[in-house]
Amino acid sequence: MSNLIIPEGYQSILSPVETQRAIKKIKDYFQAELAYGLQLRRVSAPLFVDPASGMNDNLNGVERRVEFTLKDMDERKVEIVQSLAKWKRYALGKYEVEPEHGIYTDMNAIRRDEELDNLHSVYVDQWDWEKVITKEERTTEYLHHTVETIYNAIRNLSDYVNRLYRNIQNEIPNEIFFITSQELEDRYPELTPKERENEICREKRAVFIEKIGGDLASGKPHDGRSPDYDDWELNGDILLWNDVLDIAFELSSMGIRVDADAMDRQLKLAGAEDRRNLPFHQSILLNQLPYSIGGGIGQSRLCMYFLRKAHIGEVQVSVWPEEMIQKCAENGIDLL
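Residues numbered from 1 in each chain as written. Predicted model: local features only at pLDDT ≥ 70, side-chain atom pairs only at ≥ 80, totals over all residues. Heavy atoms only, no water.

Inclusion rule: UniProt positions are given in the numbering used here, feature names are shortened, and annotations may be inferred rather than shown by experiment.
Going by an unreviewed UniProt entry, the protein chain carries the name Aspartate--ammonia ligase and comes from Eubacterium pyruvativorans. According to UniProt, the comment filed for the protein chain under the heading Catalytic activity (unreviewed entry) is "L-aspartate + NH4(+) + ATP = L-asparagine + AMP + diphosphate + H(+)". If you open the UniProt record of the protein chain and go to Sequence similarities (unreviewed entry), you find "Belongs to the class-II aminoacyl-tRNA synthetase family. AsnA subfamily."

Some details on the overall build of the protein chain
Stated formally: Secondary structure counts use DSSP, requiring at least four H or I residues in a row for a helix and at least two E residues in a row for a strand, with both numbered from the N terminus. Two things to know: the radius of gyration comes from C-alpha atoms, and the globule rule equals 2.2 Å times the number of residues to the power 0.38. When a residue's accessible area, from a 1.4 Å probe over protein chains only, is under 20% of the maximum for its type it is buried; when over 50% it is exposed; and in between it is partly exposed.
On a plain count of helices and strands, the protein chain comes out with 9 helices and 11 strands. A compact globule built from 336 residues should have a C-alpha radius of gyration of about 20 Å, and the protein chain, at 20 Å, falls within 12% of that. Viewed in the frame of its principal axes, the protein chain has a C-alpha envelope of about 55 × 50 × 40 Å. Taken across its 336 residues, the protein chain has 52% of its residues classed as buried.

Some words on a nonpolar patch on the surface
Operational definition: Exposure above 30% relative accessible area and the absence of a salt bridge qualify a residue for a patch, where like charges join within 9 Å and nonpolar side chains (Val, Leu, Ile, Met, Phe, Trp, Tyr) within 5 Å. Computed with a 1.4 Å probe, the accessible areas rest on the Shrake-Rupley method; for each residue, only the protein chains presented here act as cover. Salt bridges are defined by distance alone: a side-chain nitrogen of Lys or Arg within 4 Å of a carboxyl oxygen of Asp or Glu.
On the surface, Leu47, Phe48 and Phe68 cluster together into a nonpolar patch covering about 250 Å² of accessible area. Structurally, Phe68 is set in strand E3 (residues 67–70). Judged by its relative accessible area of 31%, Phe68 falls in the partly exposed class.

Overview of the side chain of Arg275
Quick note on the threshold: For the purposes of these results, a polar contact is taken to be a pair of N or O atoms within 3.5 Å, where, inside protein, one atom must be able to donate a hydrogen and its partner to accept one; residues adjacent in sequence count only when each atom of the pair is a side-chain atom.
You can see Arg275 is positioned in the loop between helix H6 (260–270) and helix H7 (279–285). Residue classification places Arg275 among the buried residues on the basis of a relative accessible area of 14%. Side chain to side chain, Arg275 and Asp228 meet in a polar contact 2.8 Å long.

Comments concerning the environment of Leu269
Checked against the element boundaries, Leu269 lands in helix H6. Under the relative-accessibility criterion, Leu269 is labelled exposed at 60%. The spatial distance from the C-alpha of Leu269 to the C-alpha of Arg163 is 49 Å, given a sequence separation of 106 residues.

Remarks on the sheet that holds strand E2 (residues 48–49)
For clarity, the cut-off: A strand pair is defined by DSSP finding two or more bridges across the two strands.
If you trace the 3 strands from one edge of the open sheet to the other, you get E2-E4-E3, paired in antiparallel fashion. Across the chains shown, the open sheet's two edge strands, defined by having one partner strand only, are E2 and E3. As judged from the 4 bridges shared by E3 and strand E4 (residues 76–80), these two strands associate in the antiparallel manner. Residue pairing across strands places Thr69 opposite Lys77, the latter belonging to E4.

Topic: helix H5 (residues 193–204)
Test applied: Multiplying 1.5 Å by the residue count of a helix minus one yields the expected span of that helix. Starting at the helix axis, one direction is taken to each C-beta atom, and the arc is that of these directions.
An ideal rise of 1.5 Å per residue puts 16 Å on 12 residues; H5 measures up with 16 Å between its terminal C-alpha atoms. Every buried residue of H5 is accounted for by Arg196, Glu197, Ile200 and Cys201. Around the axis of H5, the buried residues are gathered within 120 degrees of arc, so they sit on the same side.

Focus on the side chain of Thr105
Rules: Note on contacts: a residue pair qualifies if any of its non-hydrogen atoms lie within 4.5 Å across the two residues.
In this fold, Thr105 is placed in strand E5 (residues 102–110). A polar contact of 2.8 Å, which involves the side chain of Thr105, links it to the backbone oxygen of Val43. Here Thr105 is in contact with Val43, Ser44, Ala45, Leu84, Gln126, Trp127 and Asp128, once residues within four sequence places are set aside.

Quick look at the nonpolar core
A general tendency of soluble globular proteins is for nonpolar side chains to be buried together. Test applied: Nonpolar cores were defined as sets of buried Ala, Val, Leu, Ile, Met, Phe, Trp, Tyr and Cys residues, with membership established by side-chain atoms within 4.5 Å.
Grouped together as the largest cluster of nonpolar side chains are 58 residues, with contacts concentrated most on Phe30, Trp129, Ile150, Ile154 and Met254. Counting residues per element, this core draws most heavily on helix H3 (residues 140–164), at 10 residues. Residues Val43, Ala272, Phe280 and Ile284 belong to the second largest nonpolar core, which totals 22 residues.

Spelled out as structure tokens, the structure:
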């Protein structure tokens, strides 16, 4: 509750019924734009996986995964996915996807350790996407090109929503600003990572912060990243400035995925070498899966931003503390 932001004089522009209609329109429009821009085809994806496969996302390495057992399989344990970062790369190989093409899917997850506030929910819904690239395309230039393609889809969505709803007029810049996490620390050395994000987004309004995961000159990373999917030298987050909440607003985390060398290096840095013998990790270390780039784009986040909502619970159904529900209701924030 301490992190709950209550915008002064907030009033939702759309009614709950209008909001539901708008959510579908936004999701239908954006996923078509994303699939066209990145040449992706839609596939089905798992809700849970076998923990012994190493396929689940470890996120920052401390989050507890939701697990249960299966009666008809001798009480075998499975885990709800935390994201599909690893599974997607396996799927590219399974479907024999060619370079410059890829897949996307609806990812639904439960993150039991999430700290609940305006942006964070126990329920996570996003478009997870992954695209095959060549070894030669594992470059900063290719990463930037992909970010710009996604940002163009976001800009097109902004124009679409502005045309649909004359009382909703979002303004985002024509171009996204690129900065590394080290450059950001050098620029604002006295600030915390979140404060740095706020400052750069307030100035530039659309930012891609890259090279996230490794320690900076200060001895600490900008943010945590699992060592076994993104290459920490070739990844980053897309953030927009949120006028409603007056904060930096993350829409997407993405990156070029680890090759064998990056996997080896990052497992050592993270003290996670015990993962080496898991099936997924072995397939990377033995060069058995295609090179790829991929990421996740928050579905509720996207709807929340472009419908100018103050709380993610206005565009998705989840569970919230009673105190938060009451506080929101008192201030015109109608949680679904």
